[in-house]
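Architecture at a glance
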Amino acid sequence: MEVLTTRKHDRERQAVVKKFYIESYGCAMNFADSEIVASILKETGFAATPDYTDADLVLINTCSIREKAEQTIRSRLHIFRQAKRANRGMLIGVLGCMAERLKSKLLEEEKLVDLVVGPDGYRTLPLLIEAAEGGQKSVNVLLSREETYADISPVRLNSNGVNAFVSIMRGCNNMCSFCVVPFTRGRERSRDQTSVIRECTALFESGYREVTLLGQNVDSYHWYSENEQDISFAMLLEKVAAISPELRVRFSTSHPKDITDEVLFVISRHENICNYIHLPVQSGSNRVLQLMNRTYTREWYLAKVRRIRELIPDCGITSDIISGFCSETESDHQETLSLMTEAGFDMSYMYFYSERPGTLAARRYADDVPEAEKKRRLDEIVKCQNRLSQISNRKDIGSISRVLIEGDSRKSQADWMGRNGQNKVVVFPKQDCPLVKGDYASVEILDCTGATLIGRAI
Ligand code: SAH
Ligand code: SF4
Ligand code: F3S
């Protein structure tokens, strides 16, 4: 009898399982946060659905980095609102950086939003959802000095089972004048090293073969506790690399002012730490770098690039670049182009400057480069990078790359797609290659396009 009643309860419980849908924008940290949110919701009895029209709770994890990012999110919210009109019980929640930036203003601007939760408030989601179900508009945008969600095991979303992101810190203490992140993510704090190692080990044991350690400025990772030795980023990197030689380790992002020789030595000592550094420069002009508050000069940056190549000769180096920052002149722009060429970036993420309310630049400097000019300069930066990427890829022809297979190539199921240590995408025929996703392949590079290396397994 007892068993029957329990089964009946189980069936009832299953029948009322609520469904959530989550969509993520912005940087890898936001995608990693969505996996923490999924874990919290799962504990609360929610199950994930890939179809928002069918969800009881629709969440959008947002980015504020540029105005365009916020526009994209607003247009998604319009679409969700229409779905809510057809399904009155649906709750819509805005998470992440735009929630933090706009706070309760979002509820006024986007009338059908029920929940607004900033990056440090996800543990309170169950309570906020309950309040919203009762008809209250719920907001939690408190930033924390301690929260790292260290004890929460992320539920992997849209995962290929090969690569995973692991957050090692949150927030940012650098006040780059153009950047909204310190305002939306709060103060920098590092995550307990043991929980980082535990998560990476569990990933490896469940078949993952690559982890990317994430932070806005990984080089300032610093874990200290009373009875243990202090742990720097270099030490953490070494510990993660020691989990298994079959686990590839990447990290992002490095700040040129903070990356140390110690980190470079650790990379060069470990085969499984990828020879790849994302080292955003932002501009090639010392005057602009100073206005941006990046705290390094062009000469310092280029010396860092030389040092990397000296210690790790085949290191892939990529960058972020902003065109048309406040007061940028044509000659400043030319300096950016010449720095790119001198550094020989393998790839870059390139943007035109977008003023963000509340940032140092918005308060202090006029956003005075006309949009058409920003775009023209950006176009030249993109063309310069395309040329550099071609040169970089051509150099690889004839070499042999160790490629971690991530899945089918986008263009053809007859080809594998993976990346080499330098983070370049490599495509090669599956034919005669008895390998599976998650295996490493030795690939001879035969040809290239601007963005991809093409080869054959040997
Ligand atoms: N923490 C990383 C970058 C985080 S944001 C770092 O310090 O390098 C990612 C990139 O977005 C930045 O490197 C910058 O190039 C770009 N970005 C940030 N704010 C921007 C703005 N207001 N307008 C245009 N691009 C911006
Ligand atoms: Fe923004 Fe600068 Fe921090 Fe990067 S280091 S997140 S650009 S403030
Ligand atoms: Fe965007 Fe926030 Fe990341 S502003 S880039 S999602 S830290």
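Here the residue index of a chain counts from 1 through its sequence in written order. Each chain is given a letter, starting from A, and each ligand a number, starting from 1, according to the order in which they appear as written. Where local features are concerned, this predicted model is filtered to residues with pLDDT of at least 70; where side-chain atom pairs are given and counted, the filter is 80 or more; whole-chain, interface and lining totals use all residues. Side-chain metrics rest on all non-hydrogen atoms present in the structure, leaving aside hydrogens and water.

**Description of the domain arrangement of the chain**
In this document the domain limits rely on a domain assignment from an automatic tool or a database. Domain boundaries assigned for the chain yield domain 1 (2-140), domain 2 (159-253), domain 3 (275-395) and domain 4 (400-457). Just the C-alpha atoms count here: the centres of domain 1 and domain 2 sit 26 Å apart. Residue-level contacts link 13 residues of domain 1 with 14 residues of domain 2. By definition, the buried area sums, over both parts, the 1.4 Å-probe accessible area that each loses when the two are put together. Roughly 1200 Å² is buried in total at the junction of domain 1 and domain 2, and carbon and sulfur atoms are behind 59% of that figure. Here, residues are in contact when the closest pair of their heavy atoms is within 4.5 Å.

**Digging into the side chain of Glu110**
Its location among the elements puts Glu110 in the loop between helix H5 (105-109) and strand E5 (115-117). Dropping the residues within four chain positions of it, Glu110 is found in contact with Arg74, Leu77, His78 and Arg81. Per the convention used, a helix needs a DSSP run of H or I reaching at least four residues, while a strand needs a run of E reaching at least two, with both numbered from the N terminus.

**Some details on the nonpolar core**
As used in this record, nonpolar core signifies buried Ala, Val, Leu, Ile, Met, Phe, Trp, Tyr and Cys residues forming a set joined through side-chain atoms within 4.5 Å. A 1.4 Å probe rolled over the protein chains alone gives each residue an accessible area, and that area as a share of the maximum for its type sets the label: buried under 20%, exposed over 50%, partly exposed in between. Within the largest apolar cluster, 53 residues are counted, with the highest numbers of intra-cluster contacts made by Leu213 and Leu237. Counting contributing residues per domain, this core is built from domain 2 (159-253) and domain 3 (275-395), each supplying no fewer than three. Excluding residues that lie within four positions of it along the chain, Leu237 makes contacts with Leu213, Val249, Phe251, Val263, Val266, Ile267 and Ile273. Within the second largest apolar cluster, 21 residues are counted, among which are Phe20, Leu57, Leu59 and Ala132.

**Re the layout of surface pockets**
We place a 1 Å grid over just the protein atoms. Points where a 1.4 Å probe fits but has no way out form a cavity, open points with protein on both sides within 12 Å along at least 5 of 7 lines form a pocket, and any residue with an atom within 4 Å of a point lines it. Grid points are joined across faces, edges and corners, and a volume is the space filled by probe spheres set on the points. Of the volumes computed, that of the second largest pocket is approximately 820 Å³. Taken together, 35 residues line the second largest pocket, and the ones lying closest to its centre are Asn275, Asp314, Cys315, Gly316 and Gln422. Top contributing element to the lining of the second largest pocket by residue count: helix H15 (residues 371-396), with five residues. Note that Gly is not counted as nonpolar here; it falls among the polar residues with everything else outside the nonpolar set of Ala, Val, Leu, Ile, Met, Phe, Trp, Tyr, Cys and Pro and the charged set of Asp, Glu, Lys and Arg. Taken together, the residues of the lining of the second largest pocket sort by class into 13 nonpolar, twelve polar and ten charged.

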